[in-house]
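# Coordinate analysis (summary)
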Amino acid sequence: MGTALSFSRQPKAHGSDSPYTEPEDDEAPRVPRRRRWWLLGVAVVLAAVVALGNYALITGQDNRVDVLTLTRDVDWGQRIEASDLGVVKAVPDQPLAFIPAGDRDRVVGQVARSVLPAGTVLAPGQLAGQPIPGPGERLVGLPVRPGHLPARGLSAGDLVQVTQVAAGNGPDVGQAPVNMSGPFRARVLGVGPPDSAGAVTVDVVVGADDAAAATSASAGQVVLVQLGPGA
């Protein structure tokens, strides 16, 4: 009989110095790990977004210009002084929206056309080159007794109706003066401090047509009624 050949696995040699080991029958083959390329793509997109944001921020800052602002409250008709002006940075949203800081010398000496609080960024329409009273106008001081003007008081720029009233004491009580004028409108420029009786002098600006009425009213007693916008 011939010699039988055996094809069975050779037993492992224990204690062998060889580093090679054969995998066991029940050990699954190893699959190479996949690279997470989508994470790399997300990182690239985020980096691009941050870079664009920084670029937009820097570009916006570069577009800012120095403009003039007020450092204190300025009343209507008050002259602008050099000490009233400050400089801030702003991004113009439309042409001629602000007065550039380079026009500082031109602004000094102009007068406010309305009440401007501190911090206001100046615009060309808020100032006027002519003093108050302007051409054809008159500045008149009207003595006003307590109760003849709003309790909250009046401020520069307020529009009022001036009505002359009869004197409240003396031999002609209740009799209207012969030269009493009719009501007229005026713009308040300022209010003086009260005297010992509580009366104040209100400086008003009137047009040439009302100059005679304002002069007559300044010699008597008047009532001032504040008018709202569009009155």
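Structure: see above.
Structural notes, computed from the coordinates. Quantities reported herein were computed from a predicted structural model and do not represent experimental measurements. (Residues numbered from 1 in each chain as written. Predicted model: local features only at pLDDT ≥ 70, side-chain atom pairs only at ≥ 80, totals over all residues. Heavy atoms only, no water.)

### Quick notes on the pairing of strand β8 (residues 200-207)
For strand β5 (residues 137-144) and β8, the ladder comprises eight bridges, and the chain directions are antiparallel. The residue bridging Arg138 from the neighbouring strand is Val206, located in β8. Note that strand β7 (residues 184-191) and β8 share four bridges and pair antiparallel. Bridge pairing links Gly190 to Asp203 in β8. (Pairing = 2+ DSSP bridges. Helix = DSSP H or I, 4+ residues; strand = E, 2+ residues; numbered from the N terminus.)

### So, the pattern of salt bridges
By the definition in use, this model includes three salt bridges. A salt bridge links Arg106 to Asp103, with the shortest nitrogen-to-oxygen separation between them at 3.4 Å. On the basis of relative accessible area, Asp103 is assigned to the partly exposed category, the value being 27%. (Salt bridge = Lys/Arg side-chain N within 4 Å of Asp/Glu carboxyl O. Buried < 20%, exposed > 50% of the residue type's maximum accessible area, 1.4 Å probe, protein only.)

### Focus on the sheet that holds β5
To summarise the sheet geometry, strands pair through backbone hydrogen bonds and adopt either a parallel or an antiparallel arrangement. What the five strands build is an open sheet, ordered β5-β8-β7-β6-β9; its pairing is antiparallel. Of all strands in the sheet, those bounded by a partner on one side alone are β5 and β9 (221-227). The sheet shows a mean angle of 45° between the axes of neighbouring strands, direction not considered. Alignment of strand β6 (residues 159-165) against β7, held across four bridges, turns out to be antiparallel. For Val162, the partnering residue across the bridge sits in β7 and is Phe184. The sheet contacts of helix α3 (residues 211-218) involve β5, β6, β7, β8 and β9, and relative to β5 the element is tilted by about 25°. (Axes fitted to C-alpha atoms, helices over the stretch in contact; angles between N-to-C directions. Contact = heavy atoms within 4.5 Å.)

### Let's talk about the nonpolar core
One finds Leu142, Val144, Val162, Phe184, Val204 and Leu224 to be the most contacted residues of the largest nonpolar core, which totals 19 residues. Looking at this core, the elements with two or more residues in it are β5, β6, β7, β8, α3 and β9. In terms of residues, this core owes the most to one element, β8, which gives four residues. Apart from the residues lying within four places of it in its own chain, the contact partners of Val162 are Leu142, Gly182, Pro183, Phe184, Ala186, Ala217, Val222, Val223 and Leu224. Counting residues in hydrophobic clusters, the runner-up holds eleven residues, among them Leu68, Val74, Ile99 and Leu116. (Core = buried A, V, L, I, M, F, W, Y, C linked by side-chain atoms within 4.5 Å.)

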